[in-house]
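For reference, the chains in residue letters:
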Amino acid sequence: MATAEVYPASEPERWTYLDRVRTRAGPFTNPDAFDGTVVAEAVENMKILVIGAGGLGCELLKNLALSGFKNIHVIDMDTIDISNLNRQFLFRQADVGKSKAEVAAKFVEQRVKGVKITAHNCKIQEKDEDFYMQFQIVVCGLDSIEARRWINATLVNMVDEDVEDSYKPLIDGGTEGFKGQARVIFPTVTSCIECQLDMHAPRAAVPLCTLASIPRQPEHCIEWAHVIAWDREKPFPELDKDDPEHITWLYQKALLRAHEFKIPGVTYALTQGVVKNIIPAIAATNSVIAAACCNEAFKIATNCAPSLGYPDANYMMYSGNDNIYTYTFRHEKKDDCPVCGNLARELVVDPAWTLRELVDSFAVRPEAQLKKPSIRAESKTLYMQSPKSLEEKTRPNLDKTLIELGLANDEEIGVTDPAFATVSFKFKLKFQKSE
Amino acid sequence: MLKIWSMILQKKEQQKAENAEGAAGGKKKKVTAAQLRVQKDLSELSLGTTMTTDFPDPDNILSFILYVEPDEGMYRGGRFSFTFNITPNFPHEPPKVQCREKIYHPNIDLEGKVCLNILREDWKPVLNLNAVIVGLQFLFLEPNASDPLNKEAAEDLRLNREGFKRNVRSAMGGGSVKGQTFDRVLK
Ligand SMILES: [Zn+2]
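Cut-offs and rules
Residues numbered from 1 in each chain as written. Chains lettered and ligands numbered in written order. Predicted model: local features only at pLDDT ≥ 70, side-chain atom pairs only at ≥ 80, totals over all residues. Heavy atoms only, no water. Helix = DSSP H or I, 4+ residues; strand = E, 2+ residues; numbered from the N terminus. Buried < 20%, exposed > 50% of the residue type's maximum accessible area, 1.4 Å probe, protein only. Contact = heavy atoms within 4.5 Å. Areas by Shrake-Rupley, 256 points an atom, 1.4 Å probe, with all protein chains shown as cover. Expected span 1.5 Å × (residues − 1). Arc of directions from axis to C-beta. Polar contact = N/O pair within 3.5 Å; in protein donor to acceptor, adjacent residues only side chain to side chain. Axes fitted to C-alpha atoms, helices over the stretch in contact; angles between N-to-C directions. Parallel < 35°, antiparallel > 145°, perpendicular 65-115°, else oblique. Left-handed = near helix turned anticlockwise from the far one by under 90°. Core = buried A, V, L, I, M, F, W, Y, C linked by side-chain atoms within 4.5 Å. Salt bridge = Lys/Arg side-chain N within 4 Å of Asp/Glu carboxyl O. Pairing = 2+ DSSP bridges. Phe/Tyr/Trp six-rings, centres within 6.5 Å; stacked < 30°, edge-to-face > 60°. UniProt positions renumbered as here; feature names shortened; annotations may be inferred.

J.: Can you walk me through the overall build of chain A in this structure?
T.: Within chain A one finds 13 helices and 13 strands. For chain A, buried positions account for 52% of its 435 residues. For chain A, contacts bridging at least 24 residues in sequence account for 62% of all contacts bridging at least 6. Accessible surface for chain A amounts to roughly 20,600 Å². Of this, 52% is attributable to carbon and sulfur atoms.

What follows is the structure, encoded as structure tokens:
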């Protein structure tokens, strides 16, 4: 077989095995998308972001560095705890108390020559869109749904249909005990994390009034003890979730309340789990899931094989509970997804209409049927039915025409109505003069 | 690099072409998720008779003032105002709420920082602005000595409820308590 001149010319031995997939097309390679002479260079120049430097993050950083990625950033706000050391293998006892991102970055840089890892010791929410815009791929190894939803919404909102670089593939790994998942999201194109929320067991996000007045589940009783009883009685100056005495206090409070409302199932272990939001972590599961995520990153970066997410399956679930089982399927995008699915529907209007005519039209439009709509454009509050002060300030708009209000063809408006508490509508104005 | 994108974009282009005759160019303005959520929260707000709002710039609904005028409890007869600043990350992040007056309250410090669990550690995206304003209203009906931000006021309340009430009245009138002068908030 003829050997083509391929990048990198240096260190051919070091990358012998990687080059077998980086330089040659395989049976599943799309010939239109793959060019074996440039793949290695392209991957080296790519900036990839790893979110989380915990159990999954350590694995991800090591895997990516050994897969030819040379410009890696890692972000994590946590510091190293002694209980991390059993599985977060980039950390040593002497590192306890230091930043996870910084220690992990330094460790991998030292072990894998030629890789540059930039550490960000902060919350993902502290970074803005400009920060996320610099990466070509984002890989998540997080243990919180909250953080996943945030990065998902951020990446979806960053999409500008006209700018190819604004689409950031999101690869998300997650583990819980012996179970885990790896999924790929192409923001606005494929089903997003918000679409897939039903794949997560809901974690206590219960309104306080439920906790206070109508608990239904053992978790409610525990949260009540945690949020309300503790604050009311302050048995200790500050809640230390690692102090068994504190957990015992919460457990007993929760148990009393559970008896009062005849709810079974409150145990010490559950109390600890709810209060500490514990997700049991198993090193082997992290390793399997991180490998799958790294594989996806590699495939997206190189085009050497089709990745998850396009054109078909986007979600790989793994279970090691009773045996080894994996299932890969397509999770459908949801039309009513509040993040990616709530796409604006077209609304034909006459630009000479007054705002009042537009408001009234919502009551009779079969697709809306809104009796008390409040309407806003991106940077203008058109008409709000409440609160009172805003209603008064926006009422004069009712007599202005859409043109006078500065609305343009194709502009988006948001419409809400208290009768539809769970949904809000987005419409894209389509100007059409009525004859 | 990432040629998959050109494929995806092609597909999107096709879909667009199938759906419509092609939209006009130009950067269109999109309503953000945070704005839409705030709009929804505002249209469901129940302010009752003791609360009002003011929007200095009605086009910016992410920033407004809430007035609370308790009609019972020890803070009755006062008019307290709070600034609400909502970030683009709402509802992933709670609104930032601050009292504009210097008042004598165990759960509000002299800088106006408010100690309310749902504004910090217990904020969840399922909570809405209504939950926050109900919480604020509750702070005036039931000042809470066990969760203090102004420790002196909390101690005062715990040790001598009647004396605390008198101090609240005098602070509300613009007087001074324990060496601190407070803002007059009586209507
Ligand atoms: Zn979605």
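Next comes the rest of the description.
J.: Would you explain helix α9 (residues 244-260) of chain A in this entry?
T.: Three or four residues apart is the spacing at which side chains of an α-helix point the same way, because the helix has 3.6 residues per turn. Residue and element names in this part refer to chain A. With 17 residues, α9 should reach 24 Å at 1.5 Å per residue; the first-to-last C-alpha distance of 24 Å fits that figure. Listed in full, the buried residues belonging to α9 are His246, Ile247, Trp249, Leu250, Lys253, Ala254, Arg257 and Ala258. Looking down the long axis of α9, one finds its buried residues gathered within 165 degrees of arc, a one-sided arrangement. Along α9, the residues that are exposed and aim more than 90 degrees away from the buried face are Pro244, Glu245, Leu256 and His259. The N-capping residue of α9, defined by a side-chain oxygen 2.9 Å from the backbone nitrogen of Glu245, is Asp243. At the C-terminal side of α9, Lys262 shows a positive phi close to 55 degrees.

J.: I'm lost on the packing of helix α8 (residues 218-233) of chain A against α9 of chain A in this one. Help?
T.: How two helices pack is summed up by the angle between their axes together with the distance between the axes. All names here are of chain A. Orientation of α8 relative to α9, taken along the N-to-C sense of each, is 115 degrees, at an axis distance of 8 Å. It follows that α8 is roughly perpendicular to α9 by the angle criterion. For the crossing formed where α8 meets α9, the hand is right-handed. Packed against α8, whose contacting residues are Cys221, Ile222, Trp224, Ala225, His226, Ala229, Trp230 and Glu233, the element α9 presents His246, Trp249, Leu250, Lys253, Ala254, Arg257 and Ala258 at the interface.

J.: Any chance you could explain the nonpolar core here in plain terms?
T.: One broad trend across soluble globular proteins is that nonpolar side chains are buried collectively. By size, the foremost hydrophobic cluster in this structure holds 50 residues, and its most contacted members are Phe69 and Ile72 of chain A. Considering every element that reaches this core, the biggest residue donor is helix α11 (residues 283-302) of chain A, with nine residues. In this structure Ile72 of chain A touches Ile48, Val50, Leu61, Leu64, Ala65, Val115, Lys116, Ile117 and Thr118 of chain A, once residues within four positions along its chain are discounted. Phe55, Phe84, Ile118 and Val177 of chain B belong to the second largest nonpolar core, which has 49 residues in total.

J.: Would you mind showing me how to read the pattern of salt bridges here?
T.: Oppositely charged side chains are able to pair whenever their charged atoms sit close together. Residue and element names in this part refer to chain A. Applying the stated criterion to the full structure yields 26 salt bridges over all chains. Across the pair Lys253 and Glu233 runs a salt bridge whose closest N-O atoms are separated by 2.9 Å. A residue pair is termed long-range when its members are at least 10 positions apart, and Lys253 in helix α9 and Glu233 in helix α8 qualify at 20 residues. Relative accessible area serves as the criterion here: at 40%, Glu233 is assigned to the partly exposed category. With its nearest N and O atoms 3.1 Å apart, the salt bridge here joins Arg330 to Glu332. Judged by relative accessible area, Arg330 falls into the partly exposed class, the value being 40%.

J.: Where do I start with the sheet that holds strand β1 (residues 51-54) of chain B in this structure?
T.: Sheet strands associate in pairs through backbone hydrogen bonding, adopting either a parallel or an antiparallel arrangement. All names here are of chain B. Strand order in the open sheet made by the four strands is β1-β2-β3-β4, with antiparallel pairing throughout. Each edge of the open sheet is held by one strand with a lone partner, namely β1 and β4 (96-99). Strand-to-strand twist across the sheet, computed as the mean angle between neighbouring axes with direction ignored, equals 25 degrees. Note that β1 and strand β2 (residues 63-68) share four bridges and pair antiparallel. Bridging from a neighbouring strand, Thr53 pairs with Leu66 of β2.

J.: Looking at this structure, I do not really get the sheet that holds strand β3 (residues 116-120) of chain A. What am I missing?
T.: All names here are of chain A. Strand order in the open sheet formed by eight strands is β3-β2-β1-β4-β5-β6-β7-β8, and the pairing between neighbours is mixed. The two strands at the open ends of the sheet, each matched to only one other strand, are β3 and β8 (325-329). Averaged over all pairs of adjacent strands, the angle between their axes in this sheet comes to 15 degrees, without regard to strand direction. Of the pairings in the sheet, the one linking strand β5 (residues 170-176) to strand β6 (residues 179-185) comprises seven bridges and is antiparallel in character. The residue of β6 that forms the bridge with Asp172 is Arg183. The strands that α11 touches are β1 (47-51), β4 (137-141), β5, β6 and β7 (315-319); relative to β5, the one it contacts most, it runs at about 170 degrees.

J.: Explain the packing of aromatic side chains to me, please; I cannot follow it from the model alone.
T.: All chains considered together, the criterion is met by 19 aromatic pairs over all chains. Seen in terms of ring centroids, Phe64 of chain B and Phe84 of chain B are 4.8 Å apart; in terms of plane orientation they differ by 15 degrees. Their pairing is stacked. Placement of Phe64 of chain B in strand β2 and of Phe84 of chain B in strand β3 (residues 80-85) is noted, with a sequence separation of 20 residues between them. Feature note: the residues Phe131, Tyr132, Phe135 and Trp150 of chain A constitute an aromatic cluster, connected by ring pairs.

J.: Which parts of the structure should I look at to understand the UniProt feature "active site" (unreviewed entry) in chain B?
T.: Residue and element names in this part refer to chain B. This chain's UniProt record puts "active site" (unreviewed entry) on Cys115. Relative to the assigned elements, Cys115 resides in the loop between β4 and α3 (129-141). The residues contacting Cys115, other than those within four sequence positions of it, are Asn107, Leu139, Asp147 and Leu149.

J.: Help me out: how do you make sense of the environment of Leu308 of chain A in this one?
T.: Residue and element names in this part refer to chain A. Position of Leu308 relative to the elements: it lies in the loop between α11 and β7. The exposure class of Leu308 is buried, given its relative accessible area of 10%. C-alpha separation for the pair Leu308 and Glu296, spaced twelve residues apart in sequence, amounts to 6.7 Å. Among all residues touching Leu308, those that are not within four sequence positions of it are Ala182, Arg183, Val184, Phe186, Glu296, Ala313, Asn314, Tyr315, Met316 and Thr328.

J.: Quick question: what am I supposed to make of the packing of helix α4 (residues 151-159) of chain B against helix α5 (residues 161-172) of chain B here?
T.: Residues and elements named next belong to chain B. Look at α4 against α5: their axes get within 5 Å of each other, and the N-to-C directions meet at 135 degrees. By the criterion of interaxial angle, the relationship of α4 to α5 is oblique. Side by side, α4 and α5 meet where Ala153, Asp156, Leu157 and Leu159 of the first sit next to Arg161, Gly163, Phe164 and Asn167 of the second.

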